[in-house]
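Results of the structural survey
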Amino acid sequence: MENKLGLVVKVFLLSMMLSLLIKYAAPSLMIPGTDTIALVMVLLPAVIMAIALLWRFQGQKQN
């Protein structure tokens, strides 16, 4: 039970830090609001996850 609570606390803190970073630091970044930038921002998490899962799958396949 303690391990699950620790995981929840870590995820909560990481989420809070990320939201504060987006709220206060992101406006200072001068990123143009173009369609290409929006598409990259939407698709990038899925691409990163796919690469990570493929990498993990390849590692398990070799063992």
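Look above for the structure.
Residues numbered from 1 in each chain as written. Predicted model: local features only at pLDDT ≥ 70, side-chain atom pairs only at ≥ 80, totals over all residues. Heavy atoms only, no water.

Side note on the overall build of the protein
Keep this limit in mind: Every helix listed is a DSSP run of H or I at least four residues long, and every strand listed is a run of E at least two residues long, numbered separately from the N terminus. Throughout, the radius of gyration refers to the C-alpha atoms, and the reference size of a globule is 2.2 Å times the residue count to the power 0.38. Under the scheme applied here, a residue whose accessible area is under 20% of the maximum for its type counts as buried, over 50% as exposed, and between as partly exposed, the area being computed with a 1.4 Å probe on protein chains only. Throughout, the Shrake-Rupley method with a 1.4 Å probe supplies accessible areas, and for residues the shown protein chains are the sole cover considered.
Across its full length, the protein carries 2 helices and 0 strands. Against the globule reference of 11 Å for 63 residues, the protein gives a C-alpha radius of gyration of 17 Å, more extended than a compact globule. A principal-axis box enclosing the C-alpha atoms of the protein has dimensions of 45 × 35 × 10 Å. Every one of the 63 residues in the protein was classed for burial, and the buried ones make up 0%. For the protein, the exposed surface amounts to about 6400 Å²; the carbon and sulfur share of it is 75%.

Things to note about a nonpolar patch on the surface
The cut-off we apply is this: The residues that make up patches have over 30% relative accessible area and no salt bridge, and they are joined within 9 Å when like-charged or within 5 Å when they are Val, Leu, Ile, Met, Phe, Trp or Tyr. Here, a salt bridge means any Lys or Arg side-chain nitrogen found within 4 Å of an Asp or Glu carboxyl oxygen.
A cluster of nonpolar residues, L5, V9, F12, L13, M16, L20 and Y24, forms a patch on the protein surface that exposes about 710 Å² of accessible area. Positionally, V9 belongs in helix 1 (residues 2–24). A relative accessible area of 40% places V9 in the partly exposed class.

Thoughts on helix 2 (residues 35–62)
Note the following rule: Working rule for helices: expected span equals 1.5 Å times residues minus one. Bend, in this description, refers to the angle at a residue between axes fitted to the seven residues ending there and the seven starting there.
Between the first and last C-alpha of helix 2 there are 40 Å, a value that for 28 residues agrees with the 40 Å anticipated at 1.5 Å per step. Along helix 2, the sharpest change in direction is near 35° and occurs at L43; proline P45 comes one to four residues later. Counting buried positions along helix 2 yields 0 of 28 residues, so the element is predominantly exposed.

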